[in-house]
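# Geometric and topological summary
Letter by letter, the chains look like this.
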Amino acid sequence: MAWPWLALLAVFGAVRLSKGAAVIDAYALLSRPFWPGTAQSDWLRSAQDLDRQVRLQQLEADNRRLRGLLELDRAAGSAVRGAPVISRQAGGWWQQLVIGRGALQGVRSGDAVLAPGGLLGRVASVTPTTATVLLLTDSSSRIGVWVGRVRHHGLLVGVGTSRPVLRFIERDVGARPGDLVTTSPASTLLPPNLTIGVIQRVNEQAVPAPEAVVQLSAPVHAVDWVQVRRP
Amino acid sequence: MSSLARRRWTLATALLVPVLALAAPAALQLDGVPPSWAVLWLLPWALADGPLSGAAAGLALALVLDGLHPGPLSQAPALGLLGWWWGRLGRQAPLIQRSFNLGLLALLGAAALGASLWLQQIWQGVGTAAALHTLLAQTLITALLAPMLCSLQLLLWRRLSPGNRGRTLQADR
């Protein structure tokens, strides 16, 4: 009567050949109530966020110290003011915002206007209690920008659509879609290192120098409050 | 001064134009482009009050609107000429009051205003293809709103100054 033993051996052989699939699946079934839940990944993510925030603060502090050593900062004008958006004309012939802070609150012509996500534009004119902001998308907007990966300057020109055009100054810049566009690290007209957007498309054949279409990172249609920052 | 402009509050209604231009109600936009509120106010005013009043109102309105926007573009030439033209049309027989006619005049006016702004952009070297989109969208939304808004205003202005054409308003057929 050896066949029961042979059957048992065959079962063990099957377990061996399937690399213990049945055993592992059974273990998974039994241990399911004790599996790590989504809470664990949330903890990890929040820990990662905290870590990034701390590193960001340290890098900013370090950056301020180094800029101070290089005398690039002008401490008097580094204040940041919040301002409500009281008129938004993001389409049409003029692309502008009117914000509810003006000369009485210390806003000056030429100040940078930021939203969560990056730079929106510059203050074009001020009244005692309001300021008009020329958006980067307006066809009369021109600002100098910096593409950090390829270390090249360019001119960001508004063309009346939601995506301005970045005109490089030299040929063979090597920029490609996905490159981050910021204000120049050595800028004195605008606060340095502000995020502007991401290159979406590059036209290497443009004359006299390559051009790129930039997707802006700050959502102008969604912001109700902006920050006004002096360079 | 014309009979309509002599009533001060009627002129004060022009203040609605810059207020609406600044408020830019999102529900009344076509693909993010607002209508030309100046055209929608100026058309019935000029038709009811004559060429001189129309041109003066157009110029005054354009100066206020130009002040609200940064940049060198100006609406003054187009709005002044449109006010003059519509004022002359209002003086001629037959009486312009049908909704379709008002819509057509507003369409032509908004297209002329947009073309003048586009030409100025090209002249200044900042003209782009996006201007054509703005021109078309603004012309369409202005012409769509004109029959409703302009006919109501025209009715009001002609009731207030029935003597401007020497005859009273006839019902819109």
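Residues numbered from 1 in each chain as written. Chains lettered and ligands numbered in written order. Predicted model: local features only at pLDDT ≥ 70, side-chain atom pairs only at ≥ 80, totals over all residues.

### A few points about the overall build of chain B
A count of helical and extended segments in chain B gives eight helices and zero strands. Ordered by position from N to C terminus, the α and β elements of chain B give α-α-α-α-α-α-α-α. When the 173 residues of chain B are sorted by exposure, 39% land in the buried category. Here the analysis covers contacts within chain B between residues at least 6 apart in sequence; of these, 75% occur between residues at least 24 apart. (Helix = DSSP H or I, 4+ residues; strand = E, 2+ residues; numbered from the N terminus. Buried ≥ 20, exposed ≤ 12 C-beta atoms within 10 Å, placed from the backbone. Contact = placed C-beta atoms within 7 Å.)

### Details of unusual backbone geometry
Residue and element names in this part refer to chain A. Going from Val-207 to Pro-208, the amide bond is cis rather than trans, its omega being 5°. With a phi close to 50°, Asp-172 is a non-glycine residue in the positive phi region. Summarising the element assignment, Asp-172 is placed in the loop between strand S8 (165–168) and strand S9 (180–182). The exposure class assigned to Asp-172 is exposed, which follows from the 11 C-beta atoms found within 10 Å.

### Structural notes on the interface of chain B and chain A
Opposite the 19 residues of chain B that make contact, chain A presents 19 residues. Broken down by secondary-structure element, the contributors of at least two residues to the side of chain B that touches chain A are helix H3 (16–23), helix H7 (99–123) and helix H8 (130–160) of chain B. In terms of residue class, the side of chain B that touches chain A is built from eleven nonpolar, eight polar and no charged. (Nonpolar A, V, L, I, M, F, W, Y, C, P; charged D, E, K, R; others polar.)

### Quick word on the confidence of the model for chain B
Residues and elements named next belong to chain B. Summarising the model, chain B shows a mean pLDDT of 86, and 90% of its residues fall at 70 or more. Within the model, the stretch residues 166–173 combines pLDDT values under 50 with nine contacts to residues more than four positions away or in other chains. Across the whole predicted complex the pTM is 0.77, and at the interface the ipTM reaches 0.83. (pLDDT = per-residue confidence, 0-100.)

### So, the sheet that holds strand S4 (residues 118–126) of chain A
Residue and element names in this part refer to chain A. Pairing in this closed barrel of six strands is antiparallel, and the strands run S1-S2-S5-S4-S3-S12 around the ring. This sheet shows a mean twist of 45° between the axes of neighbouring strands, independent of strand direction. By the bridge criterion, three bridges tie strand S3 (residues 112–115) to strand S12 (residues 225–229) in an arrangement that is antiparallel. Following the sheet pairing, Ala-112 is matched in S12 by Arg-229. (Pairing = 2+ DSSP bridges. Axes fitted to C-alpha atoms, helices over the stretch in contact; angles between N-to-C directions.)

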